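# Residue-level structure breakdown
Listed below, chain by chain, are the residues.
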Amino acid sequence: MSERPQDAVALVTGGSRGIGAAIAGALAADGWPVALTYRSGAQEAAAVVAAIEAAGGRAVALQSDVTADGAAAAVLETAREQLGGPVLTLVNNAGVREDDLAISLDDERWQRVIDTNLTAVFRMMREALGPMLRARHGRIVNIASVVGLRANAGQANYAAAKGGLVAATKTIAVEVARRGVTVNAVAPGFIATDMTADLPKEFLDGIPARRAGMPEEVAAAVRFLASDDAGYVTGSTLYVDGGLAA
Ligand SMILES: NC(=O)c1ccc[n+]([C@@H]2O[C@H](COP(=O)([O-])OP(=O)(O)OC[C@H]3O[C@@H](n4cnc5c(N)ncnc54)[C@H](OP(=O)(O)O)[C@@H]3O)[C@@H](O)[C@H]2O)c1
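Residues numbered from 1 in each chain as written. Predicted model: local features only at pLDDT ≥ 70, side-chain atom pairs only at ≥ 80, totals over all residues.

### A short note on the overall build of the protein
Along its length, the protein carries 6 helices and 7 strands. In the protein, the succession of helices and strands from N to C terminus is β-α-β-α-β-α-β-α-β-α-β-α-β. Since a compact globule built from 246 residues should have a radius of gyration of about 18 Å, the 17 Å found for the protein is in line with a globular shape. Projected onto the principal axes, the alpha-carbon positions of the protein cover approximately 50 × 40 × 35 Å. Within the protein, the proportion of its 246 residues that are buried is 45%. Relative to all contacts within the protein whose residues are 6 or more apart in sequence, the contacts with residues 24 or more apart total 70%. (Helix = DSSP H or I, 4+ residues; strand = E, 2+ residues; numbered from the N terminus. Rg over C-alpha atoms; globule rule 2.2 N^0.38 Å. Buried ≥ 20, exposed ≤ 12 C-beta atoms within 10 Å, placed from the backbone. Contact = placed C-beta atoms within 7 Å.)

Rendered as structure tokens:
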């Protein structure tokens, strides 16, 4: 069983609010120095850093649009410089949704969702893998969605990105498994964040648990997959969805 090297750091994309902020807090509570990225929410990101520091952890907030050219290599290097060690846990959480029925979903909204939720995640994984393979220890956790498995009308772009993300997760997992690097997905159902704030509450009636999940409940799954205890879990998708995918 490979143990986390002492200087290892974690990076969470989209850690300024919602699920990503909860993940950053959970990893910091597990002793990871955490770099959290954001696109535009500098104040929110600073508040997440302050909360982590107040609880005795270490964190930095880094502005980085995951879709920008060269963003992956640059942000991984900045995290290493600022926190003093290689990024050996990478949580690809940043994501967007731009819903419409397929008949009126234009190319721009299709492409923006694929670029952010799938292509950018692949680039982050590709850039992060080198140091992980050299360290013979690494944890990649990709935040997918129950919608990658189960249809949700109006989300063809989002479903394609998240379904593709689960497929890429499995393939990359088998490429690197022998080197102590695990690659898994966590697939949330309906979680109470800004992303779901505009969805009708009737949606909850279709969830076996009859309630929305909390960001901390997703973060707990990520925390486990990032831990030394999860060294033999790879290529899997862990649903945190109140039974929606069952
Ligand atoms: N909420 C749910 O029910 C649910 C269900 C299934 C899956 N998910 C997935 O869980 C993840 C987090 O969702 P959430 O509900 O916490 O979303 P959220 O509250 O909307 O937060 C999204 C986060 O991603 C960041 N972000 C968005 N685009 C970015 C970009 N281009 N570059 C860098 N950061 C970017 C945002 O930063 P800024 O604020 O700076 O823009 C923010 O920190 C997403 O991948 C989402 O698809 C959510």
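### Brief notes about the sheet that holds strand β4 (residues 87-92)
As summarised here, the arrangement of the 7 strands in space is β3-β2-β1-β4-β5-β6-β7, forming an open sheet in which the pairing is parallel. Two strands bound the open sheet, and with one partner strand each, they are β3 (59-63) and β7 (237-240). Ignoring strand direction, the axes of neighbouring strands in this sheet form an average angle of 20 degrees. The pairing of strand β2 (residues 34-38) with β3 spans 5 bridges and is parallel. When the bridges of β3 are listed, V34 appears paired with A59. Along the sheet face, helix α4 (residues 107-135) touches β4, β5 (138-143) and β6 (181-188) and points at about 160 degrees away from the line of β4. Strands β1 (9-12), β4, β5, β6 and β7 of the sheet are contacted by helix α6 (residues 215-226), whose axis makes an angle of about 170 degrees with β6. (Pairing = 2+ DSSP bridges. Axes fitted to C-alpha atoms, helices over the stretch in contact; angles between N-to-C directions.)

### Some remarks on the environment of A177
As for its position among the elements, A177 is in the loop between α5 (156-176) and β6. C-alpha separation for the pair A177 and R136, spaced 41 residues apart in sequence, amounts to 9.8 Å.

### Describing the environment of I140
Relative to the helices and strands, I140 resides in strand β5. Put simply, I140 and A185 are 45 residues apart on the chain and 8.3 Å apart in space, counted from C-alpha to C-alpha. In contact with I140, not counting residues within four places along its chain, are L90, M125, A128 and V183.

### Quick word on the pairing of β4
Residues in a regular strand project their side chains so that they alternate between the two faces of the sheet. With respect to burial, β4 is a largely interior element, 6 of its 6 residues being buried. In this structure, β1 lies alongside β4, joined through 4 bridges in parallel fashion. Across the sheet, the residue bridging to A10 is T89, located in β4. One ladder, built from 4 bridges, connects β4 with β5; its direction is parallel. Counted as the bridge partner of L90 is I140 from β5. A crossover connection joins β4 to the parallel β5 through α4; in handedness this β-α-β unit is right-handed. (Right-handed = clockwise from strand over helix to strand, strands pointing away.)

### Quick look at the site of the ligand
Around the ligand, a shell composed of 29 residues is seen, among which G14, G18, G95, T193 and M195 lie nearest. Of the residues assigned to the shell around the ligand, the class counts are 10 nonpolar, 15 polar and 4 charged. (Near = placed C-beta within 6 Å. Nonpolar A, V, L, I, M, F, W, Y, C, P; charged D, E, K, R; others polar.)

### Focus on α5
The terminal C-alpha atoms of α5 lie 30 Å apart, and with 21 residues this matches the ideal 30 Å at 1.5 Å per residue to within 8%. Buried residues in α5 make contact with α4, β5 and β6. (Expected span 1.5 Å × (residues − 1).)

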